[in-house]
Every structure is written in C-alpha cells, then in structure tokens.
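Commentary on secondary and tertiary structure
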Amino acid sequence: MRILALVLLVSLTSTVARAQNWADEKSLAQFEREYAPSKALCRKLGDREPPAADRPTPSQSKALRGCSSEALYYGQGMKPDYARARLCAFTEADAGKGDSRVNDVFSGPTILMQLYANGLGVKRDLDVATAYACSIDGAPAERAGRVDHLAALKANRSAKRFDYCDDITSGLAGGFCAARDAEKAKDGRAARTAALVARVPPAARPSFAALQVASARFVSAHGGGEVDLSGTARAQMEIDEEEATRDRFLMHVAALLNGKWPPASPAQAKAADDALNAAYRKAQAFLPTKKNYTTVKADEVKTAQRGWLSYRDAFVRFAALAAPGLGADAVTTLLTTERTTQLSELAQ
C-alpha cells in the first residue's frame, strides 16, 4: 500500500476509537427520527462491559504487549486465534485509555465488538457487542446501521457472521476496510506466487525474480501516481487499484505458464504500440489543463510509464525463457493493450 494511503488511514484512526456514546450524539437533530431506535438501544445498554473473567490477567497483558488483535482475528500470516485475539484486544484497548488516538481501526474495541457478536473465542453476547458498537465512532449512518444490524441479529437469533465493514457508508471507512482486505489477501497471493514459482523452469527463475521486482515498482508508481485522490474514497481507490494490478500480474504469469497467452503478429504489436503512444500523448496533454479536476499529475504518469516499460521488458525477458515458443510480439501486445486502457482513462 502506498505511503499516502497509509498516512490517511493512520492519521484518522481516532475516528473509530471508543468515543462518545452514540446515544449522546446531539448534532444530528434533522435525522433524529431515523436514528432514534439505535440511540435508544445504546442508551439502554449504557457502558455495558464484558464479564471480568474474559479479560486478560496482568501477566497475560504484559506478555501480549505489542500484539495485533487484527492479525490474530483475521489470521494474517498465521491461523486465526480468537482466544488470543480477545486477550490482545483488551490489552490494546487498555493501553489506549486516555490517548486521543486510542487504537487503530481493527484493534481493541472493534475486534472485541466482532468477537462478542460472533461468539469467537468467547461466549456470544450481542449486548456487549452492541455496547462496543455504540462507542465506536464513524459516520452517523454507519454508527446507526451497525447498532441496528446487531439488534437484528439478536432479534432473529441469526448466526450470520458480523464484521465492522458490513455497515460502512463513508469513503474513509472504505479505505480502512480496503487496507484490511489487502492485508488479508497477502497470504493467499503469496501462496499463489509460490505455486507459480514452482512451475517456472529453473533457468528462468532469476528472470522471474527480476520481473517480480519490476512489477512491484510499477504497482507502486501506478497506484500512487495514477489514481485520482480528490474524493473521500481516495485511499480505497488507490488500494483497490494496486490490488487489482497485483492480481492481473499473477493472472498473466499463470496464462504464460499454462500456454494460454494469446498469440499476436508483428503488425498487431506495432498497432498496439501506436495506440499506447497516442494514449500517453493525450494524457500528457490533458492533465496539465484546467479542464480536469483530477489530482493526477503529468510527471507522475511519466514516472509510472517508465516503470511500466521496465515491467514490460522484464516480462519479455522472462517469457523468452519460460515460454520460448511464444514470441515477444504476443507478450508486448497483451501488456501494451492493457496499459493503453489505463492511460486512456486518465484523459477522460
């Protein structure tokens, strides 16, 4: 994930900390009728706390200092461990008391809300989960929707799994959830990459390693420099585009190794290159004008284009070793057509 997205997410983590109870929110009088049921439930529950026996002992808290309840809950880089996630989340929440930032989004109160809502690593208690939801800040529609969602689960005795991201309505929260999803996707992508590497001919593996580096650099330049960041959903859009680009890379490698890469003639390769150059010139002419409102800059596109050219050339070198019968024209035609689409979207 690019630095800009990280700064955005980290700088605003206080917006989902345990804050003023939703029942006490006074600034939304025009929506009071719509939000009344969720506020009434929060007022009824008050500061409902989990059973004391669910909390970690002092020695457990000390041992868990620096833990990540998010990683333990979602199984990021490990198997999910809900019991430890609970103990860790309490430790995180306690460490944040008196701190205006309190905890990251998927930490402390949020993880505890999910654990109690789903009965994972603890006895299910939707009232405790709802009390946490009442005290987790965010957009008004999200706060009310989350409380109403939990109330519906209790009323219907539903076992459906509950998650913070189920009820998001804001671009800001969308960024938090996109970042969470990107972290969750790392293990699966690493496994797919390892499976592909195992199929790469030994002589082509150094070339594939170089291709991976070139791909990562292009992903960073493309996501960080060619995504419009003018809206509140900017972090989500950047992260989603980077994730999609990473997935396309693995898809292309798999197609190459499976012998399913589409053929192309020299004439098709030249036509694709001509279209690419035209799209690049158009983007470079369009971006500096006052006719657009995008945050994307011509220099950033130039940097990304250089990164893409290195990526394309690295793919050609890899393909020559991994699929020698394919030919460079086929490789460049597909990659160039895909890149042309990206550039064309910048001048719209």
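The coordinates are above.
Since we're looking at a predicted model, the values are computed, not measured.

1. Notes on the nonpolar core
Counting residues in hydrophobic clusters, the biggest one holds 38 residues, and the most contacted among them are Phe106, Leu115, Leu150 and Tyr164. Excluding its chain neighbours within four sequence positions, the residues that come into contact with Leu115 are Tyr73, Tyr82, Ala85, Arg86, Leu120 and Val122. Counting 35 residues, the second-largest nonpolar core is a separate cluster that includes Val200, Ala314, Ala323 and Ala347.

2. Remarks on the packing of helix α5 (residues 82–95) against helix α6 (residues 108–118)
Following both chains from N to C, one finds α5 and α6 inclined at 145°, their axes separated by 8 Å at the closest point. For α5 against α6, the interelement crossing comes out left-handed. Only Gly108, Pro109, Ile111, Leu112, Leu115 and Tyr116 of α6 make contact with α5, whose side of the interface consists of Tyr82, Ala85, Arg86, Ala89, Phe90, Glu92 and Ala93. By residue class, the composition of the contact of α5 with α6 is 10 nonpolar, 1 polar and 2 charged.

3. Some remarks on the state of the cysteines
Within the structure shown, the criterion is met by 3 disulfides. Cys67 shares a disulfide with Cys88; S-S distance 1.9 Å. With the S-S bond torsion at 105°, the cross-link from Cys67 to Cys88 turns out right-handed. Of the two residues, Cys67 is situated in the loop between α3 (58–63) and α4 (69–74) and Cys88 in helix α5; the sequence distance between them amounts to 21 residues.

4. Some details on the packing of helix α12 (residues 266–286) against helix α14 (residues 328–346)
The geometry of a pair of packed helices is captured by two quantities: the angle between their axes and the separation between those axes. Relative orientation of the contacting elements α12 and α14 amounts to 20°, with a least axis distance of 8 Å. In terms of orientation, α12 lies roughly parallel with respect to α14. For α12 against α14, the interelement crossing comes out left-handed. Residues Pro266, Gln268, Ala269, Ala272, Asp273, Ala275, Leu276, Ala279, Tyr280, Ala283 and Phe286 of α12 touch α14, and the partners they reach there are Asp329, Thr332, Thr333, Thr336, Thr337, Arg339, Thr340, Leu343, Ser344 and Leu346. For the contact of α12 with α14, the residue count by class is 11 nonpolar, 7 polar and 3 charged.

5. Thoughts on α12
Over its 21 residues, α12 extends 30 Å from the first C-alpha to the last, a length consistent with the 30 Å expected when each residue adds 1.5 Å. Among the residues of α12, those classed as buried are Ala269, Ala272, Leu276, Ala279, Ala283 and Phe286. One face of α12 carries all of its buried residues, which in axial projection span an arc of 125°. Turned more than 90 degrees away from the buried face of α12, the exposed residues are Pro266, Ala267, Lys270, Arg281, Lys282 and Ala285. On the buried face of α12, the contacting elements are α13 (298–322) and α14.

Calculation notes
- Residues numbered from 1 in each chain as written.
- Predicted model: local features only at pLDDT ≥ 70, side-chain atom pairs only at ≥ 80, totals over all residues.
- Heavy atoms only, no water.
- Core = buried A, V, L, I, M, F, W, Y, C linked by side-chain atoms within 4.5 Å.
- Buried < 20%, exposed > 50% of the residue type's maximum accessible area, 1.4 Å probe, protein only.
- Contact = heavy atoms within 4.5 Å.
- Axes fitted to C-alpha atoms, helices over the stretch in contact; angles between N-to-C directions.
- Helix = DSSP H or I, 4+ residues; strand = E, 2+ residues; numbered from the N terminus.
- Left-handed = near helix turned anticlockwise from the far one by under 90°.
- Nonpolar A, V, L, I, M, F, W, Y, C, P; charged D, E, K, R; others polar.
- Disulfide = S-S within 2.5 Å.
- Parallel < 35°, antiparallel > 145°, perpendicular 65-115°, else oblique.
- Expected span 1.5 Å × (residues − 1).
- Arc of directions from axis to C-beta.

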